[in-house]
Amino acid sequence: MECVFGLVGNGFTIVVADTSAVHSILVHKSNEDKIMLLDSHKLVAASGEPGDRVQFTEYIQKNVALYQFRNGIPLTTAAAANFTRGELATALRKNPYSVNILLAGYDKETGPELYYIDYIATLHKLEKGAFGYGSYFSLSMMDRHYHSGMSVEEAIDLVDKCIREIRSRLVVAPPNFVIKIVDKDGAREYAWRESVKDAPVPSA
């Protein structure tokens, strides 16, 4: 029951993901961070099979870092999105990854951007997007309340509305969410929305 969504505001992009690691009927942990820092000004939020999600996002992260190391300049958000899409398209014809991605970034020339990349290598630039079962509720909330040029406070208020809707409507709703933001000052964690905390493991 994964939930990943994001939106573009006035000078920033916010991405949100649930933090549940689930297999079959088991919840293994509720603090799994599914939003990876791609570089100083890019975030990639992913949903899908846990192995594919971790392996593919790490592969993209290391290749983006390698490009910057070799050339001395970072990839733009659009270039990183197109590279990611190309790798998914190549894998689709060999050993496909079951992973869906929202890629957020900020560039001085183009400002904040959000890209939707699904498991069959579809790429779209969006102002708001979502993946997973939570998308049924978060997309409807964003359709109703989103407008271009939102402030950070307005965007966080909308994110909280989406989270409340998911928690109240989705039959097996994830309890915890992580919120991250990217703007001219870089990509960083903004907040967590937790209703369940993992119990500490007792020492032997």
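Each remark here, short or long, concerns the structure printed above.
Note that the structure is predicted; figures quoted are calculated from it, not measured. (Residues numbered from 1 in each chain as written. Predicted model: local features only at pLDDT ≥ 70, side-chain atom pairs only at ≥ 80, totals over all residues. Heavy atoms only, no water.)

Examining the pattern of salt bridges
Here is step 1 of the chain: Using the criterion set out here, one finds 13 salt bridges in the structure.
Here is step 2 of the chain: For lysine 42, the salt bridge identified is with aspartate 39, shortest N-O distance 2.8 Å.
Here is step 3 of the chain: Salt-bridge contacts for aspartate 160 lead to arginine 193; the nearest nitrogen and oxygen are separated by 2.7 Å. Taken together, the residues span a long stretch of sequence, with aspartate 160 in helix α4 (residues 152-169) and arginine 193 in strand β12 (residues 186-193) at a distance of 33 residues.
Here is step 4 of the chain: For aspartate 160, a relative accessible area of 17% puts it in the buried group.
Here is step 5 of the chain: For arginine 193, a relative accessible area of 22% puts it in the partly exposed group.
Here is step 6 of the chain: Linked by salt bridges that have partners in common, Glu2, Asp18 and Lys34 make up one network. (Salt bridge = Lys/Arg side-chain N within 4 Å of Asp/Glu carboxyl O. Helix = DSSP H or I, 4+ residues; strand = E, 2+ residues; numbered from the N terminus. Buried < 20%, exposed > 50% of the residue type's maximum accessible area, 1.4 Å probe, protein only.)

Overview of the nonpolar core
For soluble globular proteins, nonpolar side chains are generally found buried alongside one another.
Here is step 1 of the chain: Core analysis: the largest hydrophobic core is formed by 38 residues, its most contacted members being Phe5, Ile14, Val16 and Val159.
Here is step 2 of the chain: Counting residues per element, the ones that place at least two in this core are β1 (3-8), β2 (12-18), β6 (42-48), β7 (99-107), β10 (128-132), α3 (135-145), α4 and β11 (177-183).
Here is step 3 of the chain: No other element matches the seven residues that α4 contributes to this core.
Here is step 4 of the chain: In this structure, valine 16 is in contact with Cys3, Val4, Phe5, Ile35, Val159, Ile163, Phe177, Val178 and Ile179, ignoring residues within four places of it in sequence.
Here is step 5 of the chain: Counting 20 residues, the second largest nonpolar core, distinct from the first, contains Phe56, Ile60, Ala91 and Leu103. (Core = buried A, V, L, I, M, F, W, Y, C linked by side-chain atoms within 4.5 Å. Contact = heavy atoms within 4.5 Å.)

Remarks on the environment of alanine 187
Here is step 1 of the chain: Note on placement: alanine 187 falls in strand β12.
Here is step 2 of the chain: On the accessibility criterion, alanine 187 (16% relative accessible area) is buried.
Here is step 3 of the chain: Along the chain, alanine 187 and methionine 36 lie 151 residues apart, while their C-alpha atoms are 10.0 Å from each other.
Here is step 4 of the chain: Those residues in contact with alanine 187, other than ones at most four positions away along the chain, are Leu37, Asp39, Ser40, His41, Lys42, Leu43, Ile181 and Val182.

Focus: the packing of helix α1 (residues 50-71) against helix α2 (residues 77-92)
Pairs of packed helices are described in terms of their axes, by the angle between the two and the distance that separates them.
Here is step 1 of the chain: Following both chains from N to C, one finds α1 and α2 inclined at 130 degrees, their axes separated by 11 Å at the closest point. Put simply, α1 runs oblique to α2. Seen from above, α1 lies across α2 with right-handed handedness. Residues Phe56, Tyr59, Ile60 and Asn63 of α1 lie in contact with α2, whose contacting residues are Phe83, Thr84, Glu87 and Leu88. (Axes fitted to C-alpha atoms, helices over the stretch in contact; angles between N-to-C directions. Parallel < 35°, antiparallel > 145°, perpendicular 65-115°, else oblique. Left-handed = near helix turned anticlockwise from the far one by under 90°.)

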